[in-house]
Amino acid sequence: MTLEGVAELYDNMRKETILKQFCDLQKIKYRESINQFYIVIDRKQYTAKTRRDLIDKLFEKYCGDAVTTLEQAYLEWMHWRASINTSSKTLKENKNEWKHYIQDSSLAKMQVAKIEIADFEAFLYDVTMDFAITSKRLSNILSVLNGILRRCVSRKIIEHNLLSDVDMKIFRKRCKPQNSNKDNYTLEERQRILDYLADKTDIYSLAIRFSFFVPLRISETCAIKYSDVSNGLLHIQRAQRTCQKMNDDLTFDARYLTNEERIKGNKASGFRTIPLTDTALSIIEQTHSLYPDTEYLFMRDGEQILANTFNEALMKVCKELKIKYRSSHQIRFTVATLLFENGIPITQLSTLLGHADTAMTWHYIRKQEPDAQTADIMKSVLG
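Just so it is clear, the model here is predicted, and its values are computed rather than measured.

Criteria and thresholds
Residues numbered from 1 in each chain as written. Predicted model: local features only at pLDDT ≥ 70, side-chain atom pairs only at ≥ 80, totals over all residues. Heavy atoms only, no water. Helix = DSSP H or I, 4+ residues; strand = E, 2+ residues; numbered from the N terminus. Rg over C-alpha atoms; globule rule 2.2 N^0.38 Å. Buried < 20%, exposed > 50% of the residue type's maximum accessible area, 1.4 Å probe, protein only. Contact = heavy atoms within 4.5 Å. Areas by Shrake-Rupley, 256 points an atom, 1.4 Å probe, with all protein chains shown as cover. Lys, Arg positive; Asp, Glu negative; His and termini not counted. Charge placed at Lys NZ, Arg CZ, Asp CG, Glu CD. Axes fitted to C-alpha atoms, helices over the stretch in contact; angles between N-to-C directions. Parallel < 35°, antiparallel > 145°, perpendicular 65-115°, else oblique. Left-handed = near helix turned anticlockwise from the far one by under 90°. Nonpolar A, V, L, I, M, F, W, Y, C, P; charged D, E, K, R; others polar. Core = buried A, V, L, I, M, F, W, Y, C linked by side-chain atoms within 4.5 Å. Salt bridge = Lys/Arg side-chain N within 4 Å of Asp/Glu carboxyl O. Pairing = 2+ DSSP bridges. Expected span 1.5 Å × (residues − 1). Disulfide = S-S within 2.5 Å.

### Some thoughts on the overall build of the protein
Part 1 of the argument: Looking only at helices and strands, one finds 17 helices and 10 strands in the protein.
Part 2 of the argument: For the protein, the C-alpha radius of gyration of 27 Å lies well beyond 21 Å, the compact-globule estimate for 383 residues.
Part 3 of the argument: Taking the principal axes of its C-alpha atoms as reference, the protein extends roughly 85 × 60 × 40 Å.
Part 4 of the argument: Looking at the 383 residues of the protein, the share that counts as buried comes to 43%.
Part 5 of the argument: Put simply, of all contacts in the protein between residues at least 6 apart along the chain, 63% involve residues at least 24 apart.
Part 6 of the argument: Roughly 21,600 Å² of accessible area belongs to the protein as shown, and the carbon and sulfur atoms make up 51% of that amount.
Part 7 of the argument: Counting 56 positive and 50 negative side-chain charges, the protein places the averaged centre of each group 3 Å from the other.

Right under this line is the structure:
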């Protein structure tokens with residue numbers, strides 16, 4: 001089959017997938033006597049000489065450029081993104097934003113080509129009314145809308161994404177403050193956890209201990225191999241990824257696990273080398289000596305540990321010690337903050353964290369209270 005043939009076949013499959021949201025294609029029938037495909041929808045008959053031509057006719061009716069609603073454009077956008085291997089995690093997050101904030105709005109039923117700036121503004125005034133959402137939530141909603149509209153531009157349904165012309169400062173001021181509870185573990189809490197786990201040799205205790213010595217994502221920790229360690233250095237080369245196949249109706253199949261040679265953000269900076277402390281190296285050697293035949297360093301019963309089971313184990317430890325539980329991601333914040341406060345330059349810290357720039361790294365510095373030195377300076381300067 002030629003490349004053109006493959007493209008045409010893919011286009012037809014895409015159209016059928018989207019059309020399943022609006023009509024039952026299993027009702028398409030064939031009249032052999034006159035060589036005609038047909039389907040009856042709402043007591044109206046649609047016919048064509050070939051099945052493909054019939055699909056094109058139905059697609060034009062339900063999803064044609066002139067009548068495509070935002071909801072129909074959303075469905076096409078989701079299927080297109082699944083076809084280009086967008087992560088199931090991202091797809092599910094986008095689906096959640098659509099379902100809770102856009103699906104039942106008047107905007108969803110409007111034809112994309114007829115939506116004006118005032119319509120977007122009315123929608124945004126509505127979702128931000130009475131400080132109902134945070135600025136981060138607003139950003140997530142806008143990410144979905146902009147993604148759909150950019151896709152509509154590429155499909156030539158519209159010439160320009162009018163949402164990009166809306167003054168967002170107005171609506172960000174209508175968002176409620178983000179009261180983050182993502183504080184770090186204190187030095188005392190970190191030490192209590194390490195002391196508590198010091199003589200425990202189960203895989204989760206070892207993994208938790210190790211995590212307090214390295215600024216890694218949990219997906220990176222779960223994908224470490226013993227061969228990634230050499231000369232006191234840990235080479236980050238892959239990350240664990242939990243995937244789900246998205247179905248035609250936007251539901252998701254059961255989760256499955258992959259290990260991919262790409263890091264979150266898909267930036268070259270994700271592949272990096274981490275210097276290991278003597279304690280971190282000793283935990284690696286202890287783990288390998290206890291479980292020498294496993295492919296990955298942190299495995300149990302022949303399976304890699306997962307982020308959620310890691311966090312469940314961490315939660316049990318915190319409960320036992322009567323320490324406020326924070327997730328594995330907050331351990332990464334904790335390590336980053338400790339390194340920064342003890343003299344690691346922000347540029348070096350950015351490299352250790354695998355960030356493409358320092359803007360994200362500053363977000364990881366979570367010093368909660370002014371220290372004694374800051375207090376002394378304020379007293380001497382301000383009186």
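### Focus on the packing of helix 10 (residues 203-211) against helix 12 (residues 278-290)
Part 1 of the argument: Contact pair helix 10 / helix 12: the axes reach a minimum separation of 10 Å and the direction vectors enclose 160 degrees. Taken together, the axes of helix 10 and helix 12 are roughly antiparallel relative to one another. For the pair helix 10 and helix 12, the crossing hand works out as left-handed. Contact residues: I203, L206, R209 and F210 in helix 10; A280, I283, I284, Q286, T287 and L290 in helix 12.
Part 2 of the argument: Grouping the amino acids of the contact of helix 10 with helix 12 by side-chain chemistry returns seven nonpolar, two polar and one charged.

### A few points about the nonpolar core
Part 1 of the argument: Counting 40 residues, the largest nonpolar core has I193, I208, F210 and L234 as its most contacted members.
Part 2 of the argument: Elements with a minimum of two residues in this core: helix 9 (187-197), helix 10, strand 5 (233-236), helix 12, helix 13 (307-321) and helix 14 (328-341).

### Some thoughts on the pattern of salt bridges
Part 1 of the argument: Applying the stated rule across the entire model yields 17 salt bridges.
Part 2 of the argument: The salt bridge partner of R51 is E16, with a shortest N-O separation of 2.5 Å. Of this pair, R51 sits in helix 2 (residues 51-63) while E16 sits in helix 1 (residues 3-19); the two residues are 35 residues apart in sequence, bridging distant segments of the chain.
Part 3 of the argument: Residues R238 and D228 are paired through a salt bridge, measuring 2.6 Å at the closest nitrogen-oxygen approach. With R238 in the loop between strand 5 and strand 6 (239-243) and D228 in the loop between helix 11 (218-221) and strand 4 (229-230), this residue pair connects regions lying 10 residues apart in the sequence. There is no split in this pair, since R238 and D228 are both buried.
Part 4 of the argument: One connected set of salt bridges, linked through shared partners, spans D183, E189, K324 and R326.

### Notes on the packing of helix 14 against helix 15 (residues 346-353)
Part 1 of the argument: Close contact between helix 14 and helix 15 brings their axes to 10 Å; oriented N to C, the two are set at 155 degrees. Judged by the angle between their axes, helix 14 and helix 15 are roughly antiparallel. The hand of the helix 14/helix 15 crossing is right-handed. Across the interface between the two elements, R332, A336, L339 and F340 from helix 14 touch I346, L349, L352 and L353 from helix 15.
Part 2 of the argument: Per-class residue counts for the contact of helix 14 with helix 15 are seven nonpolar, no polar and one charged.

### Section: the sheet that holds strand 1 (residues 29-31)
Part 1 of the argument: With antiparallel pairing, the three strands of this open sheet are ordered in space as 1-2-3. For this open sheet the edge positions go to strand 1 and strand 3 (44-48), each flanked by a neighbour on one side alone. Strand-to-strand twist in this sheet, taken as the mean axis angle between neighbours without regard to direction, amounts to 35 degrees.
Part 2 of the argument: For strand 2 (residues 36-41) and strand 3, the ladder comprises five bridges, and the chain directions are antiparallel. Bridge pairing in strand 3 links I41 to K44.

### Some words on the side chain of R209
Part 1 of the argument: Of note, R209 is situated in helix 10.
Part 2 of the argument: No salt bridge is formed by the buried R209, whose closest oppositely charged neighbour, D199, lies at an N-O distance of 8.0 Å.
Part 3 of the argument: Those residues within four positions of R209 in sequence are excluded, and the remaining contacts are L194, L197, A198, I283 and Q286.

### Examining the pairing of strand 2
Two faces belong to every sheet, and in a regular strand the side chains alternate between them.
Part 1 of the argument: Bridge analysis of strand 1 against strand 2 gives three bridges, and the strand direction is antiparallel. Bridge pairing in strand 2 places Y30 opposite F37.
Part 2 of the argument: In sequence, strand 1 turns back onto strand 2 through a hairpin of four residues, with N35 there showing a positive phi of about 55 degrees.
Part 3 of the argument: Connecting strand 2 to the next strand, strand 3, in antiparallel fashion are two residues, including D42 with a positive phi near 50 degrees.

### Description of helix 7 (residues 135-154)
Part 1 of the argument: The end-to-end C-alpha separation of helix 7 is 28 Å, in line with the 28 Å expected for 20 residues at 1.5 Å each.
Part 2 of the argument: Turning to helix 7, its buried residues are L138, I141, L142, V144, L145, N146, G147, I148, L149, R151 and C152.
Part 3 of the argument: Following helix 7 by one or two positions, K156 has its phi on the positive side, about 65 degrees.

### Considering the state of the cysteines
Part 1 of the argument: Under the counting rule described, the total for this entry stands at zero disulfides.
Part 2 of the argument: Of all cysteine sulfurs, the one in C222 lies closest to C318, which takes part in no disulfide; the gap is 17 Å.
Part 3 of the argument: On the accessibility criterion, C318 (1% relative accessible area) is buried.

### Topic: the environment of Q178
Part 1 of the argument: Among the secondary structure elements, Q178 is positioned in the loop between helix 8 (169-172) and helix 9.
Part 2 of the argument: Using a relative accessible area of 48% as the deciding quantity, one classes Q178 as partly exposed.

This is a description of form; function is not addressed.
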